[in-house]
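Understanding the architecture of this molecule
Each chain, written out:
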Amino acid sequence: MGKTYERVDGRLRTFIEAQPLFFTATAPLAGDGTINLSPKGLKGSFAVLDEVTVAYLDFAGSNAETIAHLRENGRITLMWCAFQGPPNIVRVHGRGEPVFRDDPRFPELFAHFPDIDPRPHGLRAIIVVTAELVRDTCGYAVPFMSYDEERDLHEKRFAREDDESLNAYFTKKEHIATSLDGLPGLPLPLPPSTV
């Protein structure tokens, strides 16, 4: 039922680019560490960069577990499910890296997201993932669910922030600069945005 692929192209690329939601999973190296699983949405915040590289925008939130885990060990899995149409699940297992706002690569990477205005979302980093294993499976047990529209709450919440107030917000939060397990998270203060 499941198949393995060397690249994210053709039918797989078309499928994942059409999904309004995907999930990320990371974990620390410690056997008793906290595994993180996060839903990701916001149309236009995901991009296929080439046949083995994908990226998504990391926005302001209440923690930075994915960033902390990637900084420690780089392991990440992304997953897309078909909630409409033919059943399908696609997973990209690979190595990820958070590219922060002061990285010279940041503006060039951000150019892959032309439909996103980063200002109202508190853009922290771009997560770049190099695929090591790409698999799809049937998804027969995934229910049909309808996609109605994007929520505007994230934009409304963070649109009132500038870099200074975002730094203050992140500094107050317990698990932004340090993960749940005490790993280094988002480097603070945030450098000024270059996009």
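What comes next concerns the included structure. (Residues numbered from 1 in each chain as written. Predicted model: local features only at pLDDT ≥ 70, side-chain atom pairs only at ≥ 80, totals over all residues. Heavy atoms only, no water.)

1. Section: helix α1 (residues 10–18)
Among the residues of α1, those classed as buried are Leu12, Phe15 and Ile16. Projected down its long axis, α1 carries its buried residues within an arc of 90°, all on one side. Structural note: α1 exposes Thr14 and Ala18 on the side pointing more than 90 degrees away from its buried face. Summarising the contacts, the buried residues of α1 are in contact with β1 (3–5), β4 (46–50), β6 (75–81), β7 (89–100) and β8 (125–137). (Buried < 20%, exposed > 50% of the residue type's maximum accessible area, 1.4 Å probe, protein only. Helix = DSSP H or I, 4+ residues; strand = E, 2+ residues; numbered from the N terminus. Arc of directions from axis to C-beta. Contact = heavy atoms within 4.5 Å.)

2. Comments concerning helix α2 (residues 65–72)
In terms of residue burial, α2 counts as a mostly covered element, since six of its eight residues are buried. Of all the residues in α2, the buried ones are Glu65, Thr66, Ile67, Ala68, His69 and Leu70.

3. Some details on the pairing of β6
Pairing between strand β2 (residues 22–26) and β6: three bridges, direction antiparallel. By the bridge assignment, Thr24 is partnered in β6 with Leu78. Sheet topology places β6 next to β7; seven bridges connect them, and they run antiparallel. Bridging from a neighbouring strand, Leu78 pairs with Val92 of β7. (Pairing = 2+ DSSP bridges.)

4. Observations concerning the environment of Gly61
Among the secondary structure elements, Gly61 is positioned in the loop between β5 (53–58) and α2. For Gly61, a relative accessible area of 19% puts it in the buried group. Distance in space between the C-alpha atoms of Gly61 and Gly2 is 34 Å, their sequence separation being 59 residues. Apart from residues no more than four positions distant in its own chain, Gly61 is found in contact with Arg124, Phe158, Tyr169, Phe170 and Ile176.

5. Some remarks on the pattern of salt bridges
Counted by the stated rule, this structure contains twelve salt bridges. Its salt-bridge partner being Glu17, residue Arg13 comes within 3.1 Å of it at the nearest N-O pair. With Arg13 and Glu17 both in helix α1 and four residues apart, the pair spans about one turn of that helix. Accessibility expressed as a relative area gives 43% for Glu17, which makes it partly exposed. Between Asp58 and Arg124 there is a salt bridge, with its nearest N and O atoms 2.7 Å apart. Taken as a pair, Asp58 in strand β5 and Arg124 in the loop between α3 (106–110) and β8 lie far apart in primary sequence, 66 residues in all. Comparing Asp58 with Arg124, the two get one shared label, buried. Here the salt bridges share partners, and the residues they tie into one network are Glu6, Arg7, Asp9 and Glu51. (Salt bridge = Lys/Arg side-chain N within 4 Å of Asp/Glu carboxyl O.)

6. A closer look at the environment of Ala159
As for its placement among the helices and strands, Ala159 is situated in the loop between α4 (153–158) and α5 (163–172). Through-space distance from the C-alpha of Ala159 to that of Ile35 is 30 Å; in sequence the pair is 124 residues apart.

7. Focus on the side chain of Glu161
Looking at the secondary structure, you find Glu161 in the loop between α4 and α5. By relative accessible area, Glu161 is classed as buried at 16%. At 2.6 Å, the side chain of Glu161 and the side chain of Arg157 are in polar contact. (Polar contact = N/O pair within 3.5 Å; in protein donor to acceptor, adjacent residues only side chain to side chain.)

8. Notes on unusual backbone geometry
Note the cis peptide between Leu188 and Pro189, where omega equals 0°. The residue Pro189 is located in the segment after α5 in this model. In this structure, Leu42 takes a positive phi of about 80° despite not being glycine. Along the chain, Leu42 turns up in the loop between β3 (36–40) and β4. A relative accessible area of 24% means that Leu42 is categorised as partly exposed.

These results come straight from atomic positions and should not be treated as a statement about function.
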